[in-house]
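As a plain string of letters, each chain reads:
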Amino acid sequence: MENKNYQEDLLHIRKMMEKSSRVISLSGISGVFAGLFALAGAFYVYFLFQKNNIDYFDGTRNFYEVNLIFHLVVVAMVVMFLAIVSGAYFTIRKSKKNNLPILDNATKKLLINFAFPLAIGGVFCSALLYHHLHGLLAPVTLIFYGLALFNAGNYTFSDVKYLGLCEIILGIVSLFFLGYGLFFWAIGFGVLHIVYGIVMHKKYR
């Protein structure tokens with residue numbers, strides 16, 4: 001009996017330590033929504049290309065007019081904004097449901113470790129835009145986003161690290177297929193997020 005109580009106490013202590021050192025309120029549903037927003041953005045960009053008489057699947061176009069690039073940046077920012085808002089909403093809702101703190105030390109560490117590689121990637125992408133290296137934008141965003149996820153994975157579920165690795169690998173592969181960035185972007189930010197979200201929802205609900 002004493003041994004059983006001892007094991008239960010250890011299990012309780014382990015759970016308490018996990019809650020205090022890792023963010024366990026991330027919602028899988030938010031990943032699904034982020035993926036859907038990304039796919040919607042990718043389809044919109046594809047039809048935008050068609051409207052501008054650009055055959056995307058020709059795969060040889062790596063340079064675009066300034067107005068089109070501005071439009072693409074706006075679409076990317078809208079997709080990112082919607083993904084962040086939905087992620088925050090579902091995560092806060094899950095935190096309240098499970099009586100978990102919304103913003104504790106673990107959450108702050110996660111946000112900092114996620115934001116740092118992302119900020120560097122943003123500066124890098126700005127330099128690519130400045131030098132008109134448009135074909136590298138999709139691979140670079142995938143790689144830096146993957147690095148941000150891998151970094152943040154130290155403070156939440158290990159599944160986030162695996163998603164980050166997949167994004168990095170996809171970004172590296174897309175470096176060898178410049179001109180098909182939208183295709184890889186849709187897979188990385190769309191399909192992978194949806195798969196990840198479904199797995200997370202079933203595994204940790």
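Here the structure is shown first, and the text comes after it.
For the structure given in this document, a descriptive report is provided here. Bear in mind the structure is a predicted one, so any value in this text is a computation, not a measurement.

1. As for the nonpolar core
Then step 1. Core analysis: the biggest nonpolar cluster contains 26 residues, and V45, F49, L68, L72, W185 and F189 have the highest contact counts within it.
Then step 2. Those elements giving two or more residues to this core turn out to be α2 (28-51), α3 (66-97), α5 (137-152), α6 (159-174) and α7 (181-204).
Then step 3. Broken down by element, the residue count for this core peaks at 7 residues, all from α7.
Then step 4. Setting aside residues no more than four positions away along its own chain, L68 makes contact with L48, F49, N52 and I54.

2. Here we look at a nonpolar patch on the surface
Then step 1. Together, F150, Y162, L165, I169, I172, V173, L175, F176, F177 and L178 make up an exposed nonpolar region whose accessible area comes to about 940 Å².
Then step 2. The residue L178 is located in the loop between α6 and α7 in this model.

3. Thoughts on the packing of α2 against α3
Then step 1. Contact geometry for α2 and α3: axes closest at 8 Å, N-to-C directions at 165°. In terms of axis orientation, α2 runs roughly antiparallel to α3. Crossing angle aside, the handedness with which α2 passes α3 is right-handed. Side by side, α2 and α3 meet where I29, S30, F33, A34, F37, A38, G41, Y44, V45, L48 and F49 of the first sit next to L68, H71, L72, V75, V79, L82, A83, S86, G87 and F90 of the second.
Then step 2. Here the contact of α2 with α3 is composed, by residue class, of 16 nonpolar, 5 polar and no charged.

4. Brief notes about the packing of aromatic side chains
Then step 1. On inspection of all chains with the given rule, the structure shows 10 aromatic pairs.
Then step 2. Taking the centre distance of 6.2 Å and the plane angle of 85° together, the rings of F114 and Y145 count as edge-to-face. Placement of the pair is F114 in helix α4 (residues 105-130) and Y145 in helix α5, with a sequence separation of 31 residues.
Then step 3. Residues F183 and F184 carry aromatic rings whose centres are separated by 5.6 Å and whose planes lie at 80° to one another, so their mutual orientation is edge-to-face.

5. Quick notes on α3
Think of an α-helix as turning once every 3.6 residues; residues three or four places apart then point the same way.
Then step 1. If you check α3, its first and last C-alpha atoms are 46 Å apart, about what 32 residues at 1.5 Å a residue would give, namely 46 Å.
Then step 2. Looking one or two residues beyond α3, the residue adopting positive phi is N99, at roughly 55°.

6. Section: the packing of α4 against α5
Then step 1. As a packed pair, α4 and α5 sit with axes 7 Å apart at the nearest point and diverge in direction by 165°. Looking at the two axes, α4 sits roughly antiparallel to α5. Viewed along their axes, α4 and α5 form a crossing whose handedness is right-handed. When α4 is examined against α5, the residues L110, N113, F114, P117, L118, I120, G121, F124, C125, L128 and L129 are found in contact with a partner set consisting of L137, V140, T141, F144, Y145, L147, A148, L149, N151 and A152.
Then step 2. When its residues are assigned to classes, the contact of α4 with α5 shows 17 nonpolar, 4 polar and no charged.

7. Brief notes about α6
Then step 1. Taking 1.5 Å of rise per residue, 16 residues should cover 22 Å, and α6 covers 23 Å from first to last C-alpha, within 8% of that figure.
Then step 2. For α6, the complete set of buried residues consists of D159, V160, L163, G164, E167, I168, L170, G171 and S174.

8. Considering unusual backbone geometry
Backbone phi values are negative for most residues with the exception of glycine, while trans is the configuration of most peptide bonds.
Then step 1. Positive phi, close to 60°, is recorded for H132, a residue that is not glycine.
Then step 2. Relative to the helices and strands, H132 resides in the loop between α4 and α5.
Then step 3. Of the residues examined, H132 reaches a relative accessible area of 44% and is grouped as partly exposed.

Parameters and conventions
Residues numbered from 1 in each chain as written. Predicted model: local features only at pLDDT ≥ 70, side-chain atom pairs only at ≥ 80, totals over all residues. Heavy atoms only, no water. Core = buried A, V, L, I, M, F, W, Y, C linked by side-chain atoms within 4.5 Å. Buried < 20%, exposed > 50% of the residue type's maximum accessible area, 1.4 Å probe, protein only. Helix = DSSP H or I, 4+ residues; strand = E, 2+ residues; numbered from the N terminus. Contact = heavy atoms within 4.5 Å. Patch = residues over 30% accessible without salt bridge, like charges linked within 9 Å, V, L, I, M, F, W, Y side chains within 5 Å. Areas by Shrake-Rupley, 256 points an atom, 1.4 Å probe, with all protein chains shown as cover. Salt bridge = Lys/Arg side-chain N within 4 Å of Asp/Glu carboxyl O. Axes fitted to C-alpha atoms, helices over the stretch in contact; angles between N-to-C directions. Parallel < 35°, antiparallel > 145°, perpendicular 65-115°, else oblique. Left-handed = near helix turned anticlockwise from the far one by under 90°. Nonpolar A, V, L, I, M, F, W, Y, C, P; charged D, E, K, R; others polar. Phe/Tyr/Trp six-rings, centres within 6.5 Å; stacked < 30°, edge-to-face > 60°. Expected span 1.5 Å × (residues − 1).

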